[in-house]
Amino acid sequence: MGGAMDIDRSEVGMYQVLVVLEKVDLYNISEFKKILFDMTSGKYTHMAVELKANLSDMSSSVIGALISGQKKMQAIKGVFVVINASEHMKNLFFLAGLQDFFNLADNVNQLV
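The rules we used
- Residue positions are given per chain, counted from 1 along the sequence in the order it is written.
- Two thresholds apply to this predicted model, a pLDDT of at least 70 for residue-level local features and 80 or more for giving and counting side-chain atom pairs, whereas whole-chain, interface and lining totals are computed over all residues.
- In computing side-chain values, all of the structure's heavy atoms are included and hydrogens and water are not.
- The pairing test for Phe, Tyr and Trp rings, Trp by its six-membered ring, is centres within 6.5 Å, and the orientation test on the planes gives stacked under 30 degrees, edge-to-face over 60, and tilted for anything in between.
- Helix and strand definitions here come from DSSP, where helices need a minimum of 4 consecutive H or I residues and strands a minimum of 2 consecutive E residues; each element is numbered from the N-terminal end.
- Each residue gets one of three labels from its accessible area relative to the maximum for its type: buried under 20%, exposed over 50%, partly exposed in between, using a 1.4 Å probe on protein chains only.
- Here, a salt bridge means any side-chain nitrogen of Lys or Arg that lies within 4 Å of a carboxyl oxygen of Asp or Glu.

Using the criterion set out here, one finds 2 aromatic pairs in the structure. Between the aromatic rings of phenylalanine 93 and phenylalanine 102, the centroid separation amounts to 4.7 Å while the plane-to-plane angle is 35°, which identifies the pairing as tilted. Both rings, one in phenylalanine 101 and one in phenylalanine 102, keep their centres 5.2 Å apart while their planes meet at 80°; by these two values the pair is edge-to-face. An aromatic cluster is present here, built from Phe93, Phe101 and Phe102 joined pairwise through their rings.

In this structure, lysine 77 takes a positive phi of about 60° despite not being glycine. Turning to its location among the elements, lysine 77 is positioned in the loop between α2 (60-75) and β4 (79-83). Exposure remark for lysine 77: the relative accessible area of 76% places this residue in the exposed category. One non-glycine residue, asparagine 84, lies in the positive phi region at around 55°. Classification of asparagine 84 as partly exposed rests on a relative accessible area of 35%.

This paragraph deals with the pattern of salt bridges. Tallied over the full model, the rule gives 3 salt bridges. For lysine 43, the salt bridge identified is with aspartate 38, shortest N-O distance 3.0 Å. Classification of aspartate 38 as partly exposed rests on a relative accessible area of 32%. Across the salt bridge formed by lysine 90 and glutamate 87, the nearest N and O atoms sit 3.7 Å from each other. Residue lysine 90 and its partner glutamate 87 are both found in helix α3 (residues 87-95); the two are separated by 3 residues, about one turn of the helix. By relative accessible area, which is 27% here, lysine 90 ends up partly exposed.

In short, the description is geometric, and any link to function would need to be established separately.
Laid out in C-alpha cells, this is it:
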C-alpha cells in the first residue's frame with residue numbers, strides 16, 4: 001500500500017477534526033500514529049478523530065494510538081474526542097475497560 005493516507009482535516013468550533021477515510025491497519029498504522037501524534041503535540045487544545053473505515057474491525061495498535069493521543073491531550077489539559085464510534089468500537093472500549101477513558105461524540109455537530 002503506497003501513497004499518503006486518505007485523511008480529511010477540518011476545523012469545527014474549537015476542534016481540529018481528523019477524519020480518516022481509509023481503514024487503519026498494520027500496513028498504515030505508522031503513518032496514522034505520525035499524523036495523530038503531530039496533531040496532539042500541543043499545537044491544538046481540542047482534537048477529534050473519526051475512523052470512518054474501522055467501524056467493524058480495529059486492531060490493538062489502533063486502540064493504542066488512540067490511547068496515546070488521549071494521554072497526550074490530557075497532559076496539556078486538552079480535549080480528545082472519538083467521533084462516530086461504531087457499536088463494535090464501543091464494545092472494544094468496554095472490553096478493554098476504556099469506556100470512561102475516551103470522550104465520545106455521535107457526530108461532528110456535537111463538538112460545537
